[in-house]
Amino acid sequence: MRTLRKNGCSFLMVIAVIGMYGCGDTHMSKEKIPVSEEGKVITLDQGWNKDQQADFYHTSQGSQFMPYSWFLALEQPGSDSLFRDANNIKRLGFIPQELKPGVNPDGLPVGFVKDDNMDAVLSSALSTSRVQYDAENTRSPYAEWLGFTCAACHTSEIQYNNQVMRIDGGSPLSDFQTLIIEFSKALKATTEDDQKLTRFAKNVLAEGGYNEIEKQNIQAEIRTYISWLDKYIAMNYNGLSAPYGYGRLDAFGSILNRVTASFTGIDENARPANAPVSYPFLWNTSQLSWVQWNGSVNNHIDRNLGEVSGVFAHTVVNTDIDEDRFFSSAKIDNLEKLELVMSELDSPKWDALSSPLPPIDQAKAEQGKTLFAKNCMRCHGIRDGNDLFPMTAPN
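Computed from a prediction, not measured in an experiment: that's the story for all the values here. (Residues numbered from 1 in each chain as written. Predicted model: local features only at pLDDT ≥ 70, side-chain atom pairs only at ≥ 80, totals over all residues. Heavy atoms only, no water.)

A. Highlighting the overall build of the protein chain. Regarding its fold elements, the protein chain presents twelve helices and nine strands. Counting every position in the protein chain, which comprises 395 residues, the buried fraction comes to 49%. The long-range share in the protein chain, meaning contacts at least 24 apart out of those at least 6 apart in sequence, stands at 74%. Accessible surface computed for the protein chain: about 19400 Å², of which carbon and sulfur atoms make up 52%. (Helix = DSSP H or I, 4+ residues; strand = E, 2+ residues; numbered from the N terminus. Buried < 20%, exposed > 50% of the residue type's maximum accessible area, 1.4 Å probe, protein only. Contact = heavy atoms within 4.5 Å. Areas by Shrake-Rupley, 256 points an atom, 1.4 Å probe, with all protein chains shown as cover.)

B. The pattern of salt bridges, seen in detail. If you walk through the whole model with that rule in mind, you get 13 salt bridges. Residue E212 pairs with K215 through a salt bridge whose shortest N-O separation is 3.4 Å. With E212 and K215 both in helix α8 (residues 212–237), this residue pair falls three residues apart, about one helical turn. Assessed through its relative accessible area of 45%, E212 is described here as partly exposed. Residue K215 is classed as buried on the basis of its relative accessible area, which comes to 2%. The shortest N-O distance in the salt bridge between D346 and K349 comes to 3.0 Å. Shared partners join several salt bridges into a network, and the residues in it are E75, K196 and R199. (Salt bridge = Lys/Arg side-chain N within 4 Å of Asp/Glu carboxyl O.)

C. Summary view of the sheet that holds strand β4 (residues 112–115). An order of β3-β5-β4 is seen for the three strands of this open sheet, with the pairing classed as antiparallel. Edge positions in the open sheet fall to β3 (66–67) and β4, since each of these has one partner strand only. Packed onto the sheet, helix α6 (residues 176–192) meets β3, β4 and β5 (145–148) and runs at close to 160 degrees relative to β5. (Pairing = 2+ DSSP bridges. Axes fitted to C-alpha atoms, helices over the stretch in contact; angles between N-to-C directions.)

D. Geometry of the packing of aromatic side chains. Considering all chains together, one arrives at 21 aromatic pairs under this definition. Directly above the ring of Y210 sits K202, whose terminal nitrogen or CZ lies 5.3 Å from the centroid. (Phe/Tyr/Trp six-rings, centres within 6.5 Å; stacked < 30°, edge-to-face > 60°. Lys NZ or Arg CZ within 6 Å of the ring centre and 35° of its normal.)

E. Representation of the environment of I266. Position of I266 among the secondary structure elements: in the loop between α9 (251–262) and β9 (277–278). Assessed through its relative accessible area of 35%, I266 is described here as partly exposed. Excluding its chain neighbours within four sequence positions, the residues that come into contact with I266 are T260 and A261.

F. Main features of the side chain of S329. Note that S329 resides in the loop between α10 (300–310) and α11 (332–342). Judged by its relative accessible area of 3%, S329 is buried. Within polar-contact distance, the side chain of S329 engages the backbone nitrogen of H314 at 2.9 Å. (Polar contact = N/O pair within 3.5 Å; in protein donor to acceptor, adjacent residues only side chain to side chain.)

G. Region of interest: the nonpolar core. If you look at the biggest cluster of nonpolar residues, it comprises 47 residues, and the most contacted ones within it are F65, F176 and F183. At nine residues, the largest contribution of residues to this core is made by α8. Contact partners of F183, with chain neighbours within four places excluded, come to F65, M66, F71, L74, F83, L146, F148 and L229. In this structure, W48, F56, W283 and M342 belong to the second largest nonpolar core, which totals 17 residues. (Core = buried A, V, L, I, M, F, W, Y, C linked by side-chain atoms within 4.5 Å.)

H. Quick peek at the packing of α8 against α9. The N-to-C vectors of α8 and α9 enclose an angle of 120 degrees; their axes lie 10 Å apart at closest approach. One way to sum up the angle between α8 and α9 is to call them oblique. For the pair α8 and α9, the crossing hand works out as right-handed. From α8, W228, Y232, M235 and N236 reach across to α9, where they touch G253, S254, N257, R258, A261 and S262. In terms of residue class, the contact of α8 with α9 is built from four nonpolar, five polar and one charged. (Parallel < 35°, antiparallel > 145°, perpendicular 65-115°, else oblique. Left-handed = near helix turned anticlockwise from the far one by under 90°. Nonpolar A, V, L, I, M, F, W, Y, C, P; charged D, E, K, R; others polar.)

Right, here's the structure in full:
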């Protein structure tokens, strides 16, 4: 059995991964990000340069959640305000960004990216599984998709004395479950409100391409997509005793459902993703031989394939064409490059000279050091004289 095809992965590789870590990029300039205030956001020095940080936010891993033009045009239910409006993004716990030509031309939130590297095999598979096309319709399948990266779930901000500090690789207070559910609500509102649908269709269609027939075609496409999305929601969230809330996610559960049920088409393999936990921080992840809470993954590509599979990388499994089976939108090269830069990410420093935080109370810090040595060091190491953490073998 093949293990790799183009930028794809074998199903055996995908089924082996149940992880949610790892990202970055490959700009290797040593000019670090200065401690600076951009608007009201203070960026701390964590060992990255500006290009590395930007690419961590914006490099596609192959996640393909929704046609990109749809996301740009989608309005909130009950309002003509865009879904991607900064206030709505903040309400859901994600981090909005300003438009930046050449880097983020559409002003996408942190970790929201455009994936426009569409293979013919994948285009065909997507056109039948998410957005259905009439046999008489000669328009090409959508070639640009909105996706997510690990930055969406591993970038945080902390406010202190009315100043906001950005923590790359930090644990956020985002609500991914509500984000997905509200995407479905917004799309349903679009199909049910003719004025919304008209505005949506005019924004999605190329200039001069709008007419009533095309609008009805888009309405049918949205309804097909909603069926797919609501199936994902039911598979993962139906039967939960309580919503996840902010800062919690069952990544393992949703990834396992994607691999064993969505990819295979065997719905009975699915189980409710009912074990949400806090998002982990990412620094030091690349230095670990084994990761995840149960030490289940020891290969960084497997780990990152699990992550992108969980956030809607599309893998072709159910096909009669053997050559196409196991093709995936996951971008192996990007995952590898991102891992290299993630290895350079460091934890933010509590330093009165480089942040708005107050000076450390050294007397209390010494007391804490004693308590940590007595109660915590058996499981949690501290940096040695070379500023490195001691590692067991295998770690």
